[in-house]
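Observations on the three-dimensional arrangement
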Amino acid sequence: MIIAIDGEASTGKSTQAKKIAKRLNINYRDSGAYYRAITLFLIQNQINPKEVIGSDIFSKINISQNFENNIFSIFLNDEDVTSKIRGHKVSLNVSEYAKKPEIRKFVYNLLRKSSELNSIIVDGRDIGTVVFPDADFKFFLFAIPEIRAQRRHREINDESIKIESIEKEILIRDDIDSNRDIAPLKKAKDAFGIDVSYLSIEEVFEKILQKIII
Ligand code: DC
């Protein structure tokens with residue numbers, strides 16, 4: 001079984017995907033975390049998003065994800081980068097790197113490989129449209145920007161960062177993600193859309209679960 005959860009930034013996709021993975025006892029992959037880890041590597045190695053990333057560079061990038069006991073971790077060349085990839089610098093630059101066809105292909109291959117042997121739930125932007133157009137269940141989460149910014153602000157838990165600047169960053173990211181040529185952020189025709197603006201985590205979870213367990 002393959003479940004795709006796509007949607008706008010900060011709509012709680014990964015929270016829901018993890019809850020479903022736990023409930024159904026299936027694997028979980030956070031596709032955004034792959035893009036973030038690659039971005040971290042490229043920034044650290046001063047590789048500009050305008051450069052073509054060759055196979056020599058990809059051969060130096062080894063990423064693995066793990067979801068166990070309800071805890072998600074991601075490793076970049078054996079370093080646990082779970083927190084690092086959520087930093088401001090990565091968030092600010094990830095969409096520019098995620099536009100690149102060679103990076104998308106790299107992540108596509110990682111995700112397709114993860115689904116070969118096991119049931120899986122994956123969250124992202126193009127999971128139901130491009131990576132798993134054949135998914136058994138597809139969801140698309142969206143919410144008004146103000147509420148998404150409040151959510152992210154609570155998550156970051158740093159009063160020195162203004163909600164307005166978070167909202168701006170989210171909107172810039174959505175704009176780049178939605179308007180890129182390859183695999184843009186958009187709802188698959190057969191995805192079930194959920195406006196999460198005024199729903200609690202549990203309410204969204206129930207809506208998703210209802211569709212899967214009939
Ligand atoms: O889900 P996230 O906010 O951690 O994702 C970070 C960025 O990665 C997002 O702004 C765009 C990119 N991304 C993507 O292009 N395709 C995906 N399937 C998932 C994420």
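To be clear, the structure that these remarks concern was listed above.
Residues numbered from 1 in each chain as written. Predicted model: local features only at pLDDT ≥ 70, side-chain atom pairs only at ≥ 80, totals over all residues. Heavy atoms only, no water.

Counting across every chain of the model gives 15 salt bridges. Between Arg-148 and Glu-8 there is a salt bridge whose closest N-O contact spans 3.5 Å. With a gap of 140 residues between them, Arg-148 in helix α7 (residues 145-156) and Glu-8 in the loop between β1 (2-7) and α1 (13-24) connect regions that are remote in the sequence. Both residues of the pair, Arg-148 and Glu-8, count as buried. Of the charged contacts in the structure, one is a salt bridge between Lys-19 and Glu-202, with a shortest N-O distance of 2.8 Å. You can see Lys-19 sitting in helix α1 and its partner Glu-202 sitting in helix α9 (residues 201-212), a full 183 residues away along the chain. What you see here is one network of salt bridges that share partners, running through Glu-8, Arg-148 and Asp-174. (Salt bridge = Lys/Arg side-chain N within 4 Å of Asp/Glu carboxyl O. Helix = DSSP H or I, 4+ residues; strand = E, 2+ residues; numbered from the N terminus. Buried < 20%, exposed > 50% of the residue type's maximum accessible area, 1.4 Å probe, protein only.)

In contact at an axis separation of 8 Å, helix α4 (residues 88-98) and helix α8 (residues 163-179) are set at 25° when each is read in the N-to-C sense. In terms of their interaxial angle, α4 and α8 are classed as roughly parallel. When you trace α4 past α8, the crossing you get is left-handed. Between α4 and α8, the residues in contact are His-88, Ser-91, Leu-92, Val-94, Ser-95 and Glu-96 and Glu-169, Arg-173, Ile-176 and Asp-177, respectively. For the contact of α4 with α8, a count of residues per class yields three nonpolar, three polar and four charged. (Axes fitted to C-alpha atoms, helices over the stretch in contact; angles between N-to-C directions. Parallel < 35°, antiparallel > 145°, perpendicular 65-115°, else oblique. Left-handed = near helix turned anticlockwise from the far one by under 90°. Contact = heavy atoms within 4.5 Å. Nonpolar A, V, L, I, M, F, W, Y, C, P; charged D, E, K, R; others polar.)

Right, let's get into α4. Where α4 is concerned, the buried positions are Val-90, Ser-91, Val-94, Ser-95, Tyr-97 and Ala-98. Angular distribution of buried residues about the axis of α4 spans 160°; they occupy a single face of the element. Exposed and oriented more than 90 degrees from the buried face of α4 are Lys-89 and Leu-92. Buried residues along α4 sit against α2 (31-44), α5 (101-114) and α8. (Arc of directions from axis to C-beta.)

Neighbouring residues of the ligand: 16 residues in total, closest Arg-36, Asp-126, Arg-173, Asp-177 and Arg-180. Arg-36 has a polar side-chain atom sitting 2.6 Å from an oxygen atom of the ligand. Here an oxygen atom of the ligand and a side-chain polar atom of Arg-180 are 2.8 Å apart. Expressed as a share of its isolated accessible area of 440 Å², the protein-covered part of the ligand is 97%. At four residues, α2 tops the list of elements feeding residues into the shell around the ligand. Grouping the amino acids of the shell around the ligand by side-chain chemistry returns four nonpolar, four polar and eight charged. (Near = heavy atom within 4 Å. Polar contact = N/O pair within 3.5 Å; in protein donor to acceptor, adjacent residues only side chain to side chain. Areas by Shrake-Rupley, 256 points an atom, 1.4 Å probe, with all protein chains shown as cover.)

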